Amino acid sequence: MSQTKDKTEKMASPSPIPSRSPEIRHDALTNRWVIFSPARAKRPTDFKSKSPHNPSANNTPCPFCIGHEHECAPEIFRVPSDPAWKIRVIENLYPALSRNLANPSQNNQCLELDCADRTLTGFGFHDVVIEAPVHSVQLVDMEPTEIGEVLLAYKKRIEQIMVFESIVYIQVFKNHGASAGASMSHSHSQIMALPIIPPSVSARLDGTKEYFEKMGKCCLCVVNMEKFLIDETTHFISIVPFAATYPFEIWIIPRDHSSHFHEVDSEMAVDLGTLLKLMLRKMCIQLNNPPFNFMIQTAPLQRL
């Protein structure tokens, strides 16, 4: 299966709904799943060019700014629930997957087939989390408690989506900067709920399981703190991964074993917000506000 994370975003005024529905197709040659979504071709951008810098100084009102809520896709919830909101969770106007497709249970039958052209219906959820009401405010500018509120908004939305049995994995991610895949400069992140487990998740699960079976211990519990520790808080540590895939890659890991992000509580959310802010600030200062991607790595949903 292939990585299903789509790095582009949503936006602007509504346009006609495309006639074709999204599909998730299996590539038998590479054994990967690929999302085909006609709606994604409609999305606009407020970036003038694919500059590596994020034009956060652009204060031009956009659909994500407070007072422009009517220009967005339908709202799911806001925090707080009054007009003076801090965070809004909305549907993606140009979703990679559709929450309106019928009979997603057919996907289970398709997954059991052994043929060269398996296709799943593109049922799923693709939401946007607007992290601040003001265009110029980025995640790094917020207080730890405010970042904690954004993390708790992720948690709330994950718990809402979990009731759909056909959803097996929920991915939270953020793209910052045009070259990182962001099409809107207003600070936001995305939530994508999938009927399949992304390959990167399967690979991590297989790798950690294999290490535990061979060594009898968790591979994250044996991190060499003297060499790889960046900083730490009460509930989390930040490290440089031993075999980093990307330049300046950082992992934030819970001190205690916790496989599901939605199990985080309010205290842990603020604690994580403290460390996340520090890591973002270090990157922003040392690397002159670079484009970046972050992903919340969580386990697949448990189905009884």
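Each chain has its residues counted from 1, running along the sequence as written. Two thresholds apply to this predicted model, a pLDDT of at least 70 for residue-level local features and 80 or more for giving and counting side-chain atom pairs, whereas whole-chain, interface and lining totals are computed over all residues. The basis for the side-chain values is all heavy atoms of the structure; hydrogens and waters are excluded.

With that out of the way, let us pick up the overall build of the protein. For the protein, the count of helices and strands is five helices and twelve strands. In what follows, residue pairs with any heavy atoms lying within 4.5 Å of each other are defined as contacts. Long-range contacts, defined as pairs at least 24 residues apart, comprise 72% of the intrachain contacts of the protein with a sequence gap of at least 6. For the area figures, the Shrake-Rupley method with a 1.4 Å probe applies, and any residue is considered shielded solely by the protein chains shown. For the protein, the accessible area works out to roughly 15,800 Å², and carbon and sulfur atoms hold 56% of it. Counting from the N terminus, the helices are DSSP H or I runs at least four residues long and the strands are E runs at least two residues long.

A few words now on the packing of aromatic side chains. For Phe, Tyr and Trp, rings pair up if their centres lie within 6.5 Å, where Trp contributes its six-membered ring, and each pair is then called stacked (planes under 30 degrees apart), edge-to-face (over 60) or tilted (otherwise). Counting across every chain of the model gives five aromatic pairs. Ring-pair connections join several aromatic residues into one group, and the members of that group are Phe 123, Phe 125 and Phe 164. The criterion for a charge sitting over a ring is simple: Lys NZ or Arg CZ within 6 Å of the ring centre, and within 35 degrees of the ring normal. Over the aromatic face of Trp 85 sits the side chain of Arg 88, whose NZ or CZ is 5.6 Å from the ring centroid.

Salt bridge, as applied in this entry: a Lys or Arg side-chain nitrogen positioned within 4 Å of an Asp or Glu carboxyl oxygen. Within the structure shown, the criterion is met by eleven salt bridges. Residue Arg 25 is joined to Glu 23 by a salt bridge in which the shortest nitrogen-to-oxygen separation is 2.9 Å. One salt bridge connects Glu 232 with Arg 255, and the closest N-O pair in it is separated by 2.5 Å. One end of the pair, Glu 232, is in strand S9 (residues 229–232); the other, Arg 255, is in the loop between strand S11 (251–254) and helix H5 (266–286), and 23 residues separate them in sequence. Only protein chains enter the area calculation, which uses a 1.4 Å probe; residues under 20% of their type maximum are buried, those over 50% are exposed, and those in between are partly exposed. For Glu 232, a relative accessible area of 41% puts it in the partly exposed group. Among the charged side chains, a network of salt bridges with common partners joins Glu 91, Arg 99, Asp 127 and Arg 157.

Under the convention used throughout, the expected extent of a helix is 1.5 Å for every residue step, that is, one less than its residue count. Taking 1.5 Å as the rise per residue, helix H3 (residues 199–215) with 17 residues should run 24 Å; its terminal C-alpha atoms sit 24 Å apart, in good agreement. Once H3 ends, the next one or two residues include Gly 216, with phi positive near 75°.

Within the secondary structure layout, Ala 182 lies in the loop between strand S7 (169–176) and strand S8 (188–194). We classify Ala 182 as buried; its relative accessible area is 1%. Ala 182 sits 111 residues away from Asn 293 along the chain, and the two C-alpha atoms are 9.3 Å apart.

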